[in-house]
Amino acid sequence: MPRIETGRIVIVGAGLGALYAALKLAPRPVVVISPETLGAGASSAWAQGGVAAAMDRADTAESHAKDTEIAGAGIVDHAVALRVTEVARQHILDLTKLGAPFDRTKEGGYVLSREAAHSFARVVRVRGDQAGREIMQALISEVRTTPSIQVLEGAMAIGLETAEGRTTGLRIMSSGPVGSAPVILSGPAILLAGGGSGGLYSVTTNPPRIRGQVIGMAARAGAVIADAEFVQFHPTAIDTGEDPAPLATEALRGEGAVLINKHGERFMRAIHPDAELAPRDIVARAIYAQRQAGLRPMLDTRAALGSRILAEFPAVTESCIRAGLDPVHGAIPVAAAAHYHMGGVEVGSEGRSNLAGLWVCGEASSTGLHGANRLASNGLLEALAYADFCARDIAASCPPAGSEAEIAPGFQGTGNQPDPDAVAALRKIMTDHVGVVRNVDGLTTALTGIARLEAEYGPDCPTFLNMTATATLIAAAALKREESRGGHFREDFPDPRPELANRSRLTYAEARDLRERLARETT
């Protein structure tokens, strides 16, 4: 297998965490591995709400941390929550200097929105629902003009090379339709910042390529995975049959939009005292129950926003118009969709995994910030904070490097791309059995089904093996957690159990052993 030795830090992914880390590492040479043109396939660019930060003088980092811990249902790491919320303000200021066009007041302050489970309006936004897109554009512009950053577009990571508990290389191939033979990149450090796992589900708000591959490749290399069972389902994906599903940002409910069913009943009032602003897991289960009962849940913005939605929430408006919906005069049909993975590669305070030489930030990581249920708009914040923590630690850990020649992998031949039918079958299994509501029979069915797909379609396709590894970890961790907590709901164990108020940790080998035991027991 061809091998390229480089002094560049190797960064996998091209979203907010990856680009911010690359900029924080400058002028140290880095190479960013991007399957698409920069910004085209990253979840960050699709984020609508914004970045949570205590920017108001009456707000505090401590209050933000407290809200984070409450939403996380008892398993948030207090020290992590406080550390991240304390640096939030500085990252907003840094992004502003980089050109992020945050909404501002006439007095020069930041326009702040309140989202679910926040006790204060602290979500910094851009043009209502354009935060992710506009922040990414600002970062992309800066990255394009930073000489130390090489962006290798059209390449995708498919695996890690390890020796004696250390990562020694990254296997990449062309991300084109036919792929390529793999090439190994060997650099002084590898930073994984390649997104979560929402695309493993049939109904998701994530871009098409975000299907757990980065978590899976780390797990297959021996990384410890934490909190894998905690998948957050966004309550208000626009239910038009699109794949991925467009998102109706939570900021709409922050502005006063309400949830109704086909009878016009505002059903959240009977479920939680905060109604539409209850924590996401509670709203998602209510939406799911309404759909299961054939009551067609909808988001009604008419009284709260009226025609203002057209100018203030252009992404939502565009999605509605594309589907033939009129958000000014009609309610928007919604469904719960896989949106964010609280779990991922377990990392310490500086973003280090248990594998030497491997750092992880963003949604592919599990830092202890989110617990069982991510607080709204803390996702982009965590990506920024840990991109910075990782960059500082990598710079301190690796010897200084001068200018480095750009990498030219010269991909040859063809590679094995995942079979579309196998991917569709995997996504259906996850939605049907590892979704909003779970139970032992469904999780057992999921694990045995994933094993069959892996055996049939995986041996010659590392990308599909990465997907099935992450799917296995989610289902296995969900089976092992015999309680309901945050985004993980077991209808056969509907209540939280105090003795289980801790984070889960699982290796792929342990999850696979559980899967194989269940397969033997069911044959």
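Right above here is the structure, for reference.
Read on for a plain summary of the structure.

What counts and what doesn't
- Residues numbered from 1 in each chain as written.
- Predicted model: local features only at pLDDT ≥ 70, side-chain atom pairs only at ≥ 80, totals over all residues.
- Heavy atoms only, no water.
- Pairing = 2+ DSSP bridges.
- Helix = DSSP H or I, 4+ residues; strand = E, 2+ residues; numbered from the N terminus.
- Phe/Tyr/Trp six-rings, centres within 6.5 Å; stacked < 30°, edge-to-face > 60°.
- Buried < 20%, exposed > 50% of the residue type's maximum accessible area, 1.4 Å probe, protein only.
- Core = buried A, V, L, I, M, F, W, Y, C linked by side-chain atoms within 4.5 Å.
- Contact = heavy atoms within 4.5 Å.
- Polar contact = N/O pair within 3.5 Å; in protein donor to acceptor, adjacent residues only side chain to side chain.
- Axes fitted to C-alpha atoms, helices over the stretch in contact; angles between N-to-C directions.
- Parallel < 35°, antiparallel > 145°, perpendicular 65-115°, else oblique.
- Nonpolar A, V, L, I, M, F, W, Y, C, P; charged D, E, K, R; others polar.
- Right-handed = clockwise from strand over helix to strand, strands pointing away.
- Expected span 1.5 Å × (residues − 1).
- Arc of directions from axis to C-beta.

## Side note on the sheet that holds strand E6 (residues 123-124)
Pairing is antiparallel in the open sheet, where three strands are placed in the order E4-E6-E5. Each edge of the sheet is formed by a strand with only one pairing partner; in this case those strands are strand E4 (51-52) and strand E5 (112-113). Summarising the sheet, E4 and E6 pair through two bridges and their orientation is antiparallel. Paired with alanine 52 across the two strands is valine 123, which belongs to E6.

## Quick look at the packing of aromatic side chains
One pass over the structure, following the stated rule, counts four aromatic pairs. A centroid spacing of 4.9 Å and a plane angle of 80° characterise the contact between tyrosine 386 and phenylalanine 389, whose relative ring orientation is edge-to-face. Remark: phenylalanine 389 and tyrosine 386 occur in helix H10 (residues 378-397); sequence separation between them is three residues, near one turn of the helix. Note on phenylalanine 389: relative accessible area 5%, which makes it buried. Relative to phenylalanine 464, the ring of tyrosine 457 lies with its centre 6.4 Å away and its plane at 80°, an arrangement referred to as edge-to-face.

## Description of unusual backbone geometry
Here the amide bond leading from alanine 26 into proline 27 is cis, since omega sits at 10°, within 30 degrees of zero. Within the secondary structure, proline 27 is located in the loop between helix H1 (16-25) and strand E3 (30-34). A cis geometry characterises the amide bond from aspartate 243 onward to proline 244, with omega recorded as 0°.

## Things to note about the nonpolar core
Note on soluble globular proteins: their nonpolar side chains tend to be buried together. Membership of the largest hydrophobic core comes to 89 residues, with the highest contact counts inside it found for Ile33, Leu170, Leu192, Tyr201 and Leu252. For this core, the element with the highest residue contribution is helix H13 (residues 462-480), accounting for eleven residues. Not counting residues up to four positions away in its chain, the partners in contact with leucine 192 are Val12, Leu160, Val214, Ala218, Leu358, Trp359, Val360 and Cys361. By size, the runner-up hydrophobic cluster in this structure holds 59 residues, among which are Leu19, Leu38, Ala65 and Ala189.

## Focus: the environment of alanine 471
Mapping alanine 471 onto the fold places it in helix H13. Once the C-alpha coordinates of alanine 471 and valine 111 are considered, the two residues, 360 residues apart in sequence, prove to be 39 Å apart. Residues within four places of alanine 471 in sequence aside, it is in contact with Leu200, Leu426, Met430 and Ile450.

## A few points about the environment of histidine 370
Mapped onto the fold, histidine 370 is located in the loop between strand E19 (365-366) and H10. Overall, histidine 370 belongs to the buried group, its relative accessible area being 4%. In this structure the C-alpha to C-alpha distance between histidine 370 and methionine 342, which are 28 residues apart in sequence, comes to 6.0 Å. Aside from chain neighbours lying at most four places away, what touches histidine 370 is Gly72, Val76, Tyr340, Met342, Asn378, Gly379 and Glu382. Reaching out from histidine 370, the side chain makes a polar contact with the side chain of tyrosine 340 at a distance of 3.1 Å. For histidine 370, the side chain forms a polar contact with the side chain of glutamate 382, separated by 3.0 Å.

## Observations concerning the side chain of histidine 234
Summarising the element assignment, histidine 234 is placed in strand E13 (residues 231-238). A polar side-chain atom of histidine 234 sits 3.1 Å from the main-chain amide nitrogen of threonine 236. Residues contacting histidine 234, with those up to four places away along its chain left out, are Leu247, Ala248, Glu250, Arg253, Arg280, Ala335, Ala336, Ala337 and His339.

## A look at the pairing of strand E9 (residues 166-174)
In the sheet, strand E8 (residues 155-163) pairs with E9 via eight bridges, with the strands oriented antiparallel. Across the sheet, the residue bridging to alanine 163 is arginine 166, located in E9. In sequence, E8 turns back onto E9 through a hairpin of two residues, with glutamate 164 there showing a positive phi of about 50°. Sheet analysis places E9 next to strand E10 (residues 183-186), joined by three bridges and oriented antiparallel. Bridge pairing in E10 links arginine 171 to isoleucine 184.

## A short note on the packing of helix H3 (residues 78-97) against H10
Where H3 meets H10, the axes come as close as 9 Å, and the angle between the chain directions of the two elements is 90°. With respect to H10, the axis of H3 lies roughly perpendicular. Contacts from Val80, Arg83, Val84, Val87, Ala88, His91 and Leu95 in H3 reach Leu381, Leu384, Ala385, Tyr386, Asp388 and Phe389 in H10. Broken down by class, the residue content of the contact of H3 with H10 amounts to ten nonpolar, one polar and two charged.

## As for the pairing of strand E2 (residues 9-12)
Going residue by residue along E2, you find Ile9 and Ile11 tucked away on one face and Val10 and Val12 tucked away on the opposite face as well. Pairing between E2 and E3: four bridges, direction parallel. If you follow valine 12 over to E3, its bridge partner there is isoleucine 33. Chirality of the crossover, the property in question, places the unit of E2, H1 and E3 among those that are right-handed. Pairing geometry for E2 and strand E11 (residues 190-192), over three bridges, is parallel. What sits directly across from valine 12, in E11, is leucine 192.

## As for helix H11 (residues 420-433)
End to end, H11 covers 20 Å across 14 residues, agreeing with the expected 20 Å (1.5 Å per residue, within 8%). Along H11, the positions that sit buried rather than exposed are Ala422, Val423, Leu426, Arg427, Ile429 and Met430. Down the axis, H11 shows its buried residues gathered within 155° of arc, on one side only. Exposed side of H11, more than 90 degrees from the buried face: Pro420 and Asp421 are the residues found there. Elements that come into contact with the buried residues of H11 comprise helix H12 (440-457) and H13. The distance from a side-chain oxygen at the start of H11 to the backbone nitrogen of aspartate 421 is 2.8 Å, and the residue carrying that oxygen is aspartate 419.

## A word on the packing of helix H5 (residues 213-220) against H13
Remark: H5 packs on H13, axes separated minimally by 7 Å, with the N-to-C direction vectors making an angle of 85°. In this view, H5 runs roughly perpendicular relative to H13, as classed from their interaxial angle. Within the contact between the two elements, H5 uses Gln213, Ile215, Gly216, Met217, Ala219 and Arg220 and H13 uses Pro462, Thr463, Leu465, Asn466, Met467, Ala469, Thr470 and Leu473.

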